[in-house]
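Geometric and topological summary
One-letter residues, chain by chain:
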Amino acid sequence: MDLFPGAGVNVTVAGDGGSLGPSFVGLELLNRLKPLFLLLYAVLVVVACVGNSLLVLLISTTKKLHNTTNFLIGNLAASDLVMCLLCVPLTVSYAFERRGWLFGVFMCHFVTLMQAASVFVSVLSLTAIAVDRYVVVIYPVHRRIRPRSCAYVVVLIWLLSLAISAPASLHTRYLDLNRTGHDMIVCEEFWNDLERLRLLYSCSVLLLFYMLPLCTVSISYCAIGRHLRKRRVPGAAVCGQERWSSRKRKTFRRLTISILAFALCWMPLQTVNLIRDIDLDFTIMGKRYTNVIQICCHLVAMSSACYNPFIYASLHHKLRLRITCTMGLVNQDNI
């Protein structure tokens with residue numbers, strides 16, 4: 001099952017009785033490391049689910065946090081939550097379960113669709129946040145997008161992400177090999193004689209929904225950083241100007257860290273995916289280590305869902321206080 005359309009974690013599962021024939025080169029090493037990987041995935045899912053759930057809950061229930069940037073941050077947290085609750089456990093089960101896919105035909109297609117869509121939602125949300133911060137910093141006196149309009153943006157992001165993810169789901173096949181004498185069910189992308197189209201789709205997705213958005217975000221934040229160094233708010237006193245600049249620089253730094261975390265976490269998996277699409281004969285990556293490399297890169301990519309709650313909690317003083325209050329560390333009356 002591909003995590004990213006056209007080029008994802010596509011781990012070959014163990015076959016009949018768990019025996020490893022010549023076609024399962026590399027699974028012995030993967031199975032040897034299975035306890036370690038399962039522990040790391042369990043920690044990742046728990047941390048990401050708790051952190052992102054708190055972030056979504058607090059943003060949705062706290063009126064003081066209802067603004068465009070926070071709604072987009074909440075959308076980013078929601079996509080990470082969908083990934084960790086729905087996609088990661090099932091994908092990991094498929095990677096290590098000797099009988100293959102155990103969750104039926106519908107979930108085979110649905111999980112393929114949602115795990116790709118959630119990644120696209122994250123990328124587009126980060127891009128939208130960058131554009132919003134650019135407008136706020138460069139044009140501070142302009143009226144910001146209303147919450148209702150922001151809801152339309154969020155819906156558009158999800159619809160676009162689902163549409164771009166659809167080809168991967170449409171080319172996913174659920175194959176029950178029990179009829180052929182193998183105790184295995186496969187849920188994989190099969191493009192049959194359309195491998196060139198698959199490669200074109202994979203490269204287009206990589207360019208348009210990874211490289212291009214991150215370049216856009218980088219240019220936007222470079223412009224913001226340059227502007228903050230020389231910005232003077234019209235009519236503001238010197239002390240007020242310093243407070244404004246300090247606050248904006250703090251926001252800018254946190255958002256930059258978020259972008260870098262996402263880009264660096266996903267870069268290894270995107271690189272491996274591209275290599276796999278090009279290197280069909282495993283001349284670059286040997287068969288023995290391919291599965292382990294993919295799982296390691298997938299784990300690093302999924303870890304990006306853990307960082308955002310901490311990054312954005314450090315960005316908002318009230319949000320940080322409410323999180324600690326929710327965890328019972330601060331009295332509610334002190335907020």
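Remember, predicted model here, so these are calculated numbers, not experimental data.

Let's talk about empty space enclosed by the protein
Within the structure shown, the criterion is met by 4 cavities of 30 Å³ or more. The computed volume of the largest cavity comes to approximately 80 Å³. What lines the largest cavity is S79, D80, M83, S118, V119, S122, F262, W266, M302, S304 and A305. Elements supplying a minimum of two residues to the lining of the largest cavity: α3 (68–96), α4 (104–138), α7 (238–278) and α9 (304–315). Split by residue class, the lining of the largest cavity holds 6 nonpolar, 4 polar and 1 charged.

As for a nonpolar patch on the surface
On the surface, a cluster of nonpolar side chains totalling about 380 Å² of accessible area is made up of L39, V43, V47 and F310. The biggest single contributor to the nonpolar patch is helix α2 (residues 34–61), with 3 residues. Looking at where F310 falls in the secondary structure, it is placed in helix α9.

Here's the deal with the packing of α2 against helix α8 (residues 287–302)
Helices that pack against each other are described as a pair by the angle of their axes relative to one another and the distance between those axes. Between α2 and α8, the shortest axis-to-axis distance is 10 Å and the interhelical angle comes to 15°. One way to sum up the angle between α2 and α8 is to call them roughly parallel. Two packed elements cross with a definite hand, and for α2 against α8 that hand is left-handed. In contact with F37, L40, Y41 and L44 of α2, α8 contributes V292, I295, C296, H298, L299 and M302. Taken together, the residues of the contact of α2 with α8 sort by class into 9 nonpolar, 1 polar and no charged.

Thoughts on the side chain of T91
Relative to the helices and strands, T91 is located in helix α3. What makes T91 buried here is its relative accessible area of 3%. Among the polar contacts made by the side chain of T91, one reaches the side chain of Q115 at a distance of 3.1 Å.

Quick word on the state of the cysteines
Per the counting criterion, the structure on display carries 1 disulfide. Disulfide pairing is shown between C108 and C187; the S-S distance is 2.0 Å. With the S-S bond torsion at 100°, the cross-link from C108 to C187 turns out right-handed. Taken together, the positions of C108 in helix α4 and C187 in strand β2 (residues 185–189) put the pair 79 residues apart, joining distant regions of the chain. Note on C108: relative accessible area 0%, which makes it buried. Under the relative-accessibility criterion, C187 is labelled buried at 0%. For the unlinked cysteine C84, the closest cysteine sulfur is that of C49, found at 5.1 Å. The exposure class assigned to C84 is buried, which follows from its relative accessible area of 1%.

Quick look at α2
Over its 28 residues, α2 runs 40 Å from end to end, which matches the ideal 40 Å to within 8%, given 1.5 Å per residue. Here α2 has its buried residues at F37, Y41, L44, V45, A48, C49, G51, N52, L54, L55, L58 and I59.

A short note on the UniProt feature "transmembrane region" (unreviewed entry) in the protein
Taking the UniProt record as the reference, the feature "transmembrane region" (unreviewed entry) is found at residues 36–59, 71–96, 102–129, 150–170, 199–224, 251–269 and 289–312. Secondary structure content for residues 36–59 is 100% helix and 0% strand, and the end C-alpha separation is 35 Å.

A short note on the packing of aromatic side chains
Enumeration according to the criterion identifies 6 aromatic pairs in this entry. Here the aromatic rings of F106 and F110 are separated by 5.4 Å at their centres, their planes lie at 15°, and the arrangement is stacked. You can see F106 and its partner F110 sitting in helix α4, 4 residues apart, about one turn around the helix. Residue F106 is classed as exposed on the basis of its relative accessible area of 60%.

Here is what the cut-offs are and how they apply
Residues numbered from 1 in each chain as written. Predicted model: local features only at pLDDT ≥ 70, side-chain atom pairs only at ≥ 80, totals over all residues. Heavy atoms only, no water. 1 Å grid on protein atoms, 1.4 Å probe; cavity = no way out; pocket = protein on both sides within 12 Å on 5 of 7 lines; lining within 4 Å. Points joined across faces, edges and corners; volume = space filled by probe spheres on them. Helix = DSSP H or I, 4+ residues; strand = E, 2+ residues; numbered from the N terminus. Nonpolar A, V, L, I, M, F, W, Y, C, P; charged D, E, K, R; others polar. Patch = residues over 30% accessible without salt bridge, like charges linked within 9 Å, V, L, I, M, F, W, Y side chains within 5 Å. Areas by Shrake-Rupley, 256 points an atom, 1.4 Å probe, with all protein chains shown as cover. Salt bridge = Lys/Arg side-chain N within 4 Å of Asp/Glu carboxyl O. Axes fitted to C-alpha atoms, helices over the stretch in contact; angles between N-to-C directions. Parallel < 35°, antiparallel > 145°, perpendicular 65-115°, else oblique. Left-handed = near helix turned anticlockwise from the far one by under 90°. Contact = heavy atoms within 4.5 Å. Buried < 20%, exposed > 50% of the residue type's maximum accessible area, 1.4 Å probe, protein only. Polar contact = N/O pair within 3.5 Å; in protein donor to acceptor, adjacent residues only side chain to side chain. Disulfide = S-S within 2.5 Å. Expected span 1.5 Å × (residues − 1). UniProt positions renumbered as here; feature names shortened; annotations may be inferred. Phe/Tyr/Trp six-rings, centres within 6.5 Å; stacked < 30°, edge-to-face > 60°.

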